[in-house]
Amino acid sequence: HLCFSFSSCLDASRPWLCFWILHSLELLQEPIPAAVASDVCQFLARCQSPTGGFAGGPGQHAHLAPTYAAVNALCIIGTDEAYNVIDREKLLDFLWSVKQPDGSFVMHVGGEVDVRSAYCAASVASLTNILTPKLFENTTNWILSCQNWEGGLSGVPGLEAHGGYTFCGTAALVILGKEHMLDLKALLRWVVSRQMRFEGGFQGRCNKLVDGCYSFWQAGLLPLLHRALYKEGESELSQQRWMFEQQALQEYILLCCQNPTGGLLDKPGKSRDFYHTCYCLSGLSIAQHFGNMDNHYEVILGKEENRLAPTHPVYNICPEKVAQALQHFLRMPVPEVMLNFAPNKGQRFCKGSLTFS
Amino acid sequence: MSDIEETVESVQVNEDKEFDVEVEEHIEDEFAVDPTRYIFYRDRKEWADLEPVPQDDGPNPVVKIAYSEKFSDVYDYFRALLKNDEKTERAFALTADAIDLNAANYTVWHYRRVLLQALSKDLKEEMKYITNIIEEQPKNYQVWHHRRMVVEWLNDPSEELQFIADILSQDAKNYHAWQHRQWVIQEYKLWDNELEFVENLLEEDVRNNSAWNQRHFVISHTTGFSDPAVVEREIQYCLNQIRKAPHNESAWNYLKGMLQDRGLSSQPGLLERVLELKETHCSPYLLAFLFDCYEDALENIAQKEKVEEEEQKETLRKALEICQLLAQEKDTIRKEYWEFLGRSLRNKYGNGTLSDEPMAENPEPSISASQSQEAS
């Protein structure tokens, strides 16, 4: 029934396609048929590597990006079948296999380092309850070293501040409970400055063009910073609005980023794709919803039907799905691993059982 | 007479043409036909020993990709190579086809690197190969990482700065290119000409934020920003660029970014120079910079008790005035932010005697859902 044909350039990103589509549907509050959900579970199971983590497609090597996408997709589905796909012990092995002594992570064995990897690792480790302080030793300091003179974060230390990388670094630190170690004021100034005064949308870097996907990567930072500042004792925070122009962002997305035949996009003139559909909708949700469970304030531009489901600003899946996954996995013991930053070495045993391997 | 005979013969040949064509297609030496004609791996005799491995998408695949016949054929054989852990010349050649079909397949790239080592391939040739691929697909992660590996193995960065300069001439903000450039410079200590390179780029486009970042990168790793002569030179440079293009946010950000660790008010005369610019070269960025100067002054005043309370009140008043100007008029897209900063500043440095300040209290906006619907 889903008659889309995907481009072969995404052949190493298929779990991403699952996440982009499932998250878009959950934001639109479209139910996912049980058969589809089950098919996705079985497909992602085939993307799981025998050595742990998920790959871009069946038979490929594990990589932190499709691992992040697969775990998120499975948590959106949220059935026991979905949760059971994840081999937590092997996932932990995989995370250790890509961990570097300086605190960073490579994206895959033999691959490149940048701050996306820390976010992907922290996201999946926290959701599936395999996170230990040792796994993220030095990671905080490495991420902090990515905050630069502009106030935002770069992909690796030294580079230009960039919305995607800033989101990844900040969200990772929030997961690790260390976001207060950033220069929050400088970061806040940088990100609010990324909203374009004419277009209303966000740019990824200073003096570059607006792009619909930054509606999430950049605007999504404001809820994170709001909470971080609140925890630091900031008393003057608004109780109704994020510190960006919510209406202007909604206008940009709704008026400039929609394809008349469906789907969303970067900017007028560009073609639609599932990545932009996911992140434009995610940004629209951020712009519509302020607050949390206790204090919720909405700004809906246009018809009431424009209202999307709220999204969790750290994981970018719906908050209920985050809570449900955490509840499910927190009942399980944290696997223990003995590895020295090298794949294929070491033994593993689970607390509470006596399995050796 | 011979012509007629020939004709008869050619007629005979024509009748046999179909058979002849079949014979041609079965000729073992494929170069007798068009040598550039693509032949599927499944039809190549030197691959006949290998059983292709179809992709295991399972019985009910999702997010199905419409692979071309060529794509499926190449990757069926790639999977077979991977399964057998084959480390041969033919495997190496196939990786190029697989990469050509999807340069983002990091599994193939990894395998190619394994083969480069196992077969002791000529890495200089590999440099030529990766140079071409990057020129075609400069926004791909894998190609740049591969180049870095080859440069490391060769321990030869001699082509890098020129190559990256060429890529940047096509897209002066390519993030991967800058990342590779910084790695090369730092790894092989190639700092000497980089400030000049940056200045040339800024000459071409003073709004190139990547170039401003590189400027900061070079200086912080060479002279540093502690030397007052360097700082004065950089301030001069910034102000010159601002005079040429007043609404260039990069220049203002650089000015602030360079000085913020020591504090903006630590630089004597700077506030005055900026206030001069305010008349003729005003911008939201200039006003924000003034605000930052005042805020920094307040931060330092608070620590020095001998400063007049009147002076502190005046600095606070000026800071709040700018906040309001930005929120209400000059930078309204950031209204929520500037109002927050105003409240924050007043909360921190203000006291009860500020009731006569010009700025009105800004109550929480109370737009309800229905009001916002009308805004559509």
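Residues numbered from 1 in each chain as written. Chains lettered and ligands numbered in written order. Predicted model: local features only at pLDDT ≥ 70, side-chain atom pairs only at ≥ 80, totals over all residues. Heavy atoms only, no water.

Description of the side chain of Q142 of chain B
Test applied: Secondary structure is summarised from DSSP: a helix means a run of H or I of at least four residues, a strand means a run of E of at least two, and numbering begins at the N terminus for each. Only protein chains enter the calculation, and the probe is 1.4 Å; a residue is then buried if its accessible area is under 20% of its type maximum, exposed if over 50%, and partly exposed in between. The contact definition used throughout considers only heavy atoms, calling two residues in contact when any of these lie within 4.5 Å.
With respect to the helices and strands, the residue Q142 of chain B is situated in helix 7 (residues 141–154). The class for Q142 of chain B is buried, based on a relative accessible area of 10%. Leave out the neighbours within four places in its chain, and Q142 of chain B touches E112 of chain A together with A103, A104, Y106 and W109 of chain B.

Some thoughts on the interface of chain B and chain A
Note the cut-off: Here the quantity called buried area is the total loss of accessible area, with a 1.4 Å probe, experienced by two parts when brought into contact, counted for both. The salt bridge criterion pairs a side-chain nitrogen of Lys or Arg with a carboxyl oxygen of Asp or Glu, the two atoms within 4 Å. In this classification, the charged set is Asp, Glu, Lys and Arg, the nonpolar set is Ala, Val, Leu, Ile, Met, Phe, Trp, Tyr, Cys and Pro, and all remaining amino acids, among them Gly, are polar.
Between chain B and chain A, the residue contacts involve 71 residues of the former and 80 residues of the latter. Here chain B and chain A share an interface that buries about 6500 Å² over both sides, 51% of which is from carbon and sulfur atoms. Considering only the side of chain B, the residues that lose the most area to chain A are Y106, Y175 and I333 of chain B, jointly responsible for 13% of the buried surface there. For the pair chain B and chain A, the interface holds 5 salt bridges. Where D56 of chain B meets R46 of chain A, a salt bridge forms, and the shortest distance between an N and an O atom there is 3.0 Å. The leading source of residues in the side of chain B that touches chain A is helix 17 (residues 335–349) of chain B, at 8 residues. Of the residues assigned to the side of chain B that touches chain A, the class counts are 29 nonpolar, 27 polar and 15 charged.

Regarding the packing of helix 1 (residues 14–27) of chain A against helix 13 (residues 274–288) of chain A
All names here are of chain A. Inclusion rule: Angular values range over 0 to 180 degrees, each being the angle between N-to-C directions of two axes fitted as lines to C-alpha atoms, with helices fitted over their stretch in contact. By definition, any crossing whose near helix is turned counterclockwise from its far helix by less than a right angle is left-handed, and any crossing with a clockwise turn is right-handed.
Contact geometry of helix 1 with helix 13 gives a least axis separation of 9 Å together with a crossing angle of 35°. Where helix 1 crosses over helix 13, the two elements pack in a sense that is left-handed. Seen from helix 1, the contacting residues are W16, L17, F19, W20, I21, H23, S24 and L27; seen from helix 13, they are F274, Y275, T277, C278, Y279, L281, S282 and S285. Here the contact of helix 1 with helix 13 is composed, by residue class, of 11 nonpolar, 5 polar and no charged.

Some details on the packing of aromatic side chains
For clarity, the cut-off: The rule is short: rings of Phe, Tyr and Trp, with Trp giving its six-membered ring, pair when the centres are within 6.5 Å, and they are stacked under 30 degrees, edge-to-face over 60, tilted in between. Distance and angle both matter: a charge sits over a ring if NZ of Lys or CZ of Arg is within 6 Å of the ring centre and within 35 degrees of the ring normal.
With the rule as written, the count across this model stands at 39 aromatic pairs over all chains. Pairing W252 of chain B with F289 of chain B gives two aromatic rings, centres 5.6 Å apart and planes at 50°, and the pair type is tilted. Residue W252 of chain B is located in helix 13 (residues 249–259), and its partner F289 of chain B is located in helix 15 (residues 284–301); the two are separated by 37 residues in the primary sequence. Using a relative accessible area of 2% as the deciding quantity, one classes F289 of chain B as buried. Each member of the aromatic cluster is reached from another via a ring pair, and the members are W16, F19, W20, Y68, Y119, F167, F216, W217, Y275 and Y279 of chain A. A cation sits over an aromatic face here: K70 of chain B above Y38 of chain B, 4.2 Å from the ring centre. A cation over an aromatic ring shows up here: R147 of chain B above the ring of F163 of chain B, its NZ or CZ 3.7 Å from the ring centre.

Focus on the domain arrangement of chain B
We apply this condition: In this entry, domain limits derive from an automatic or database-based domain assignment.
Taken as a whole, chain B is organised into domain 1 (33–121) and domain 2 (287–351). The C-alpha centroid of domain 2 of chain B is placed 63 Å from the C-alpha centroid of domain 1 of chain B.

Looking at empty space enclosed by the protein
Applicable threshold: A 1.4 Å probe that fits but cannot get out identifies a cavity on a 1 Å grid over protein atoms alone, an open set with protein on both sides within 12 Å along at least five of seven lines counts as a pocket, and a residue lines either if it has an atom within 4 Å of a point. Grid points are joined across faces, edges and corners, and a volume is the space filled by probe spheres set on the points.
Per the counting criterion, the structure on display carries 3 cavities of 30 Å³ or more. Counted as a void, the largest cavity has a volume near 250 Å³. What lines the largest cavity is a set of 19 residues, and nearest its centre among them are R189 and S193 of chain A together with E249, N253 and A288 of chain B. Listing elements by their share of the lining of the largest cavity, those giving two or more residues are helix 9 (184–192) of chain A together with helix 13 and helix 15 of chain B. In terms of residue class, the lining of the largest cavity is made up of 8 nonpolar, 3 polar and 8 charged. Approximately 60 Å³ is the volume found for the second largest cavity.

Let's talk about the pattern of salt bridges
Residue and element names in this part refer to chain A. In total, this model carries 39 salt bridges over all chains according to the counting rule given. For K134, the salt bridge identified is with E137, shortest N-O distance 3.7 Å. A salt bridge links R307 to E298, with the nearest nitrogen and oxygen atoms 2.9 Å apart. Relative accessible area serves as the criterion here: at 23%, R307 is assigned to the partly exposed category. Taking relative accessible area as the criterion, E298 reaches 22% and is therefore assigned partly exposed.

Quick look at the confidence of the model for chain A
Put simply, the rule is: Confidence of the predictor at the level of single residues is captured by pLDDT, which takes values from 0 to 100.
Chain-level statistics for chain A give a pLDDT mean of 93 and a share of 93% at 70 or above. Confidence drops under pLDDT 50 across residues 342–357 of chain A; counting only partners more than four residues distant or on other chains, this segment forms 28 contacts.

Some thoughts on the state of the cysteines
Residues and elements named next belong to chain A. Here is the rule: Defined by distance alone, a disulfide is two cysteine sulfur atoms within 2.5 Å.
Following the criterion strictly, the structure yields 0 disulfides over all chains and no others. Not part of a disulfide, C18 finds its nearest cysteine sulfur in C47, a span of 6.9 Å. Looking at C18, the relative accessible area reads 3%, which means it is buried. In this model C146 remains outside any disulfide bridge; the closest cysteine sulfur is found in C168, 11 Å from its own. Taking relative accessible area as the criterion, C146 reaches 0% and is therefore assigned buried.

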